[in-house]
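Fold and contact review
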Protein chains: 2
Amino acid sequence: MTPLSHISIVLVEPQSPGNIGAVARAMKNLGLSRLVLVNSQTELTPETSHRACGADDVVARSVRCATLREALKPFHLVVGTSSRSVPWISGVFRPSELADHLASLGEQEVALVFGPERTGLTNEHLDFCRLLVTIPTNPEFESMNLAHAVAIVAYELYQRSDARPVGRSPDLARTAELEELFDHLERCLLEIGFLDKDNPKRIMATLRQILSRAELEDRDVQILRGILRQWSWYAAHIKESQHQNTA
Amino acid sequence: MTPLSHISIVLVEPQSPGNIGAVARAMKNLGLSRLVLVNSQTELTPETSHRACGADDVVARSVRCATLREALKPFHLVVGTSSRSVPWISGVFRPSELADHLASLGEQEVALVFGPERTGLTNEHLDFCRLLVTIPTNPEFESMNLAHAVAIVAYELYQRSDARPVGRSPDLARTAELEELFDHLERCLLEIGFLDKDNPKRIMATLRQILSRAELEDRDVQILRGILRQWSWYAAHIKESQHQNTA
């Protein structure tokens, strides 16, 4: 099992100071301590502390980031929470299934990403997520309070936290390395005219999902970047010899 | 399974108007609709409605009773929630075990009783309870928000009442298409000199593993083969213009 100390709750653009406190309380009840606030839309207020109700230490140690991209750099596995169906993510778990999945892994840095209260995670946020966790809810009244959602997912993880992994755990690449790979791939695909210069993100979103699902390890990223470097070298080499021939 | 429509949430002496709203929201999210308020210590306020966030109907239809004894009259099975050990109750369940237990029963009227925010259920309240449900929590920080506790117990009950799968099954590509993709990739990587001509299989084996893990669907294979075709076109195009220039 991924230890609870390696699991972070990432709140994207939280809007309510009370919810931040309530999330901290639920986290501490259930053995989690690492909170990340991305582009918070609110200050911390006395309501935060009131709702934290003794979990002020979790709030005080929270990490603040300006962008989700920046916030996710240290993580091996990024899990989004949404009740929406997301066509490009096939790994959709219930909270109990996510707990089973994490129980099968070793020590990974895991981010559980929760969207803004009013909208949930957008497609742009979900592009960073390899897995999705969906809390089964009443289809006629799905929108759940942020802290309630955190409590339910954390409850499942806490229950499994004494499990031991079997088999080999993949040595997953971190998001920072994956992002460099995606940037490199995008430059190459623009160069050969595969991507639309005015709208490269649509196809790139699919490619990101494919490579995210592949659970890339460090050595895999090295091989793939090696291919891209060789590809650039090859193209430059042809052009160079062309230039010499015409000179 | 006891139908969700036969399960009531009974709040004993609730103190916070916001919590009553939050409890109603969590209940409606998770398919419960019957709320009983026993000797409520607070009026309903705008904060109740704000936190109910669309579950005002649950609050409006709630039943009010002066005493727990009165409130529990209609029920077949009374389940208390507490993190305390109660010597005279031997049936102590985790929420998931309670859901299993209710799944084994027929149509019973079930009351899930939650105590006041500050103290939880007292011995006097617990005298009415035949079973106890305990949410496993961090022993150093056990006191959970009332609505969080309701959400977690209701989540377990809802899961058992709703065996439908969440998420989408991937429409995986067949092996034949994958093999064509691997062949195409190998030709391209030989062309740019990334693979050793005498031993291309070693690196290809790693790339096959990466792409197999990615659970490629038909449309993913089409995109990847599109990239390879575009790459070949681009290389041929450069060579062609080189040929024309030198001719």
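These remarks concern the structure in this document.

Calculation criteria
- Residues numbered from 1 in each chain as written.
- Chains lettered and ligands numbered in written order.
- Predicted model: local features only at pLDDT ≥ 70, side-chain atom pairs only at ≥ 80, totals over all residues.
- Heavy atoms only, no water.
- Helix = DSSP H or I, 4+ residues; strand = E, 2+ residues; numbered from the N terminus.
- Buried < 20%, exposed > 50% of the residue type's maximum accessible area, 1.4 Å probe, protein only.
- Contact = heavy atoms within 4.5 Å.
- Buried area = accessible area lost by both parts, 1.4 Å probe.
- Salt bridge = Lys/Arg side-chain N within 4 Å of Asp/Glu carboxyl O.
- Axes fitted to C-alpha atoms, helices over the stretch in contact; angles between N-to-C directions.
- Parallel < 35°, antiparallel > 145°, perpendicular 65-115°, else oblique.
- Left-handed = near helix turned anticlockwise from the far one by under 90°.
- Pairing = 2+ DSSP bridges.
- Core = buried A, V, L, I, M, F, W, Y, C linked by side-chain atoms within 4.5 Å.
- Expected span 1.5 Å × (residues − 1).
- 1 Å grid on protein atoms, 1.4 Å probe; cavity = no way out; pocket = protein on both sides within 12 Å on 5 of 7 lines; lining within 4 Å.
- Points joined across faces, edges and corners; volume = space filled by probe spheres on them.
- Nonpolar A, V, L, I, M, F, W, Y, C, P; charged D, E, K, R; others polar.
- Phe/Tyr/Trp six-rings, centres within 6.5 Å; stacked < 30°, edge-to-face > 60°.
- Lys NZ or Arg CZ within 6 Å of the ring centre and 35° of its normal.

With that out of the way, let us pick up the overall build of chain A. The helix and strand tally for chain A stands at 10 helices and seven strands. Expressed along its principal axes, the backbone C-alpha trace of chain A runs to roughly 75 × 40 × 35 Å. Residue burial in chain A is summarised as follows: out of 247 residues, 61% are buried. Relative to all contacts within chain A whose residues are 6 or more apart in sequence, the contacts with residues 24 or more apart total 86%.

As a further point, take the interface of chain B and chain A. Many authors give the size of an interface as the accessible area that is lost as the parts come together. The interface of chain B with chain A comprises 72 residues on the first partner and 67 residues on the second. Of the roughly 5,900 Å² buried between chain B and chain A on both sides combined, carbon and sulfur atoms contribute 61%. Remark: the boundary between chain B and chain A carries one salt bridge. Among the salt bridges present, the one from R213 of chain A reaches D220 of chain B, with a minimum N-O distance of 2.9 Å.

Residue and element names in this part refer to chain A. Interhelical geometry of helix α5 (residues 95-103) versus helix α7 (residues 146-160) gives an angle of 40° and a closest axis separation of 9 Å. As summarised for this structure, α5 and α7 are arranged oblique, according to the angle between their axes. Considering the relative orientation of α5 and α7, their crossing is right-handed. Contacts between α5 and α7 pair P95, S96, L98, A99, D100 and L102 from the former with I152, V153, E156, L157 and R160 from the latter.

Residue and element names in this part refer to chain A. Within the open sheet, the seven strands sit side by side as β3-β2-β1-β6-β4-β7-β5. Their pairing is parallel. Strands at the two margins of the open sheet, each flanked by one partner only, are β3 (63-65) and β5 (92-93). Summarising the sheet, strand β1 (residues 7-12) and strand β2 (residues 34-38) pair through five bridges and their orientation is parallel. Within the sheet, the bridge partner assigned to V12 lies in β2 and is V38. Across the sheet, α7 is in contact with β1 and β6 (110-114); its angle to β6 comes to roughly 155°.

Another aspect to go through is the sheet that holds strand β3 (residues 63-65) of chain B. Consider a sheet: its strands pair through backbone hydrogen bonds, and that pairing is either parallel or antiparallel. Residue and element names in this part refer to chain B. As summarised here, the arrangement of the seven strands in space is β3-β2-β1-β6-β4-β7-β5, forming an open sheet in which the pairing is parallel. Looking at strand neighbours, the two that pair on one side only are β3 and β5 (92-93), the edges of this open sheet. Across four bridges, strand β4 (residues 77-81) lies against strand β6 (residues 110-114) in parallel orientation. Of the residues in β6, the one forming a bridge with V78 is A111.

To continue, consider the nonpolar core. Judged by nonpolar contacts, the single largest core of 89 residues is most densely connected at I9 and L112 of chain A together with I9 and L112 of chain B. With residues near it in sequence (within four places) discarded, I9 of chain A still touches V23, M27, L32, R34, L35, V36, L112, F114 and V150 of chain A.

Residues and elements named next belong to chain B. The buried count for β6 comes to five of five residues, which makes it a mostly enclosed element. Both faces of β6 are covered, namely the face carrying V110, L112 and F114 and the face carrying A111 and V113. Looking at chain direction, strand β1 (residues 7-12) and β6 are connected through five bridges and run parallel. Of the residues in β6, the one forming a bridge with S8 is A111.

Time to look at helix α1 (residues 17-29) of chain B. Between its terminal C-alpha atoms α1 of chain B stretches 19 Å, which fits the 18 Å expected from 13 residues at 1.5 Å a residue. The element α1 of chain B is extensively covered by neighbouring structure, given that 13 of its 13 residues are classed as buried.

A separate point is empty space enclosed by the protein. Taken as a whole and assessed by the stated rule, the structure comprises three cavities of 30 Å³ or more. Empty space within the largest cavity amounts to approximately 460 Å³. Lining the largest cavity are 21 residues, and of these L185, L224 and W231 of chain A together with L185 and L224 of chain B sit closest to its centre. Those elements that place two or more of their residues in the lining of the largest cavity are α8 (175-191), α9 (201-213) and α10 (218-246) of chain A together with α8 (175-191), α9 (201-213) and α10 (218-246) of chain B. Taken together, the residues of the lining of the largest cavity break down into 21 nonpolar, no polar and no charged. Its boundaries defined by the atoms lining it, the second largest cavity holds a volume of some 170 Å³. Along the wall of the second largest cavity there are 18 residues; nearest its centre are H76, F128, T175, L178 and S212 of chain A. For the lining of the second largest cavity, the secondary structure elements donating two or more residues are β4 (77-81), α8 and α9 of chain A. It is α8 of chain A that provides the largest number of residues to the lining of the second largest cavity, a total of four residues. Residue classes in the lining of the second largest cavity are distributed as 10 nonpolar, three polar and five charged.

With that out of the way, let us pick up the pattern of salt bridges. Residue and element names in this part refer to chain A. All told, the structure shown has 22 salt bridges over all chains when counted by the stated rule. In this structure, K28 engages D57 in a salt bridge whose closest nitrogen and oxygen atoms are separated by 3.2 Å. Highlighted residues: K28 in helix α1 (residues 17-29) and D57 in helix α3 (residues 56-60), separated in sequence by 29 residues. A relative accessible area of 19% places K28 in the buried class.

Given two aromatic rings, their pairing is described by the distance between the two centres and the angle made by the two planes. Evaluated as defined, the whole model comprises four aromatic pairs over all chains. Centroid distance Y234 of chain A to W231 of chain B: 5.8 Å. Interplanar angle 55°. Geometry classified as tilted. Here the residue Y234 of chain A occupies a position in helix α10, and W231 of chain B occupies one in helix α10, the pair thus bridging two chains. Judged by relative accessible area, W231 of chain B falls into the buried class, the value being 4%. Members of the aromatic cluster, joined through ring pairs, are W231 and Y234 of chain A together with W231 and Y234 of chain B. Between K28 of chain A and the ring centre of F141 of chain B, over which it is positioned, the NZ or CZ distance is 4.7 Å. We note R208 of chain A situated over the ring of F128 of chain A; from NZ or CZ to the ring centre the distance is 5.0 Å.

Read these as geometric descriptors, not functional statements.
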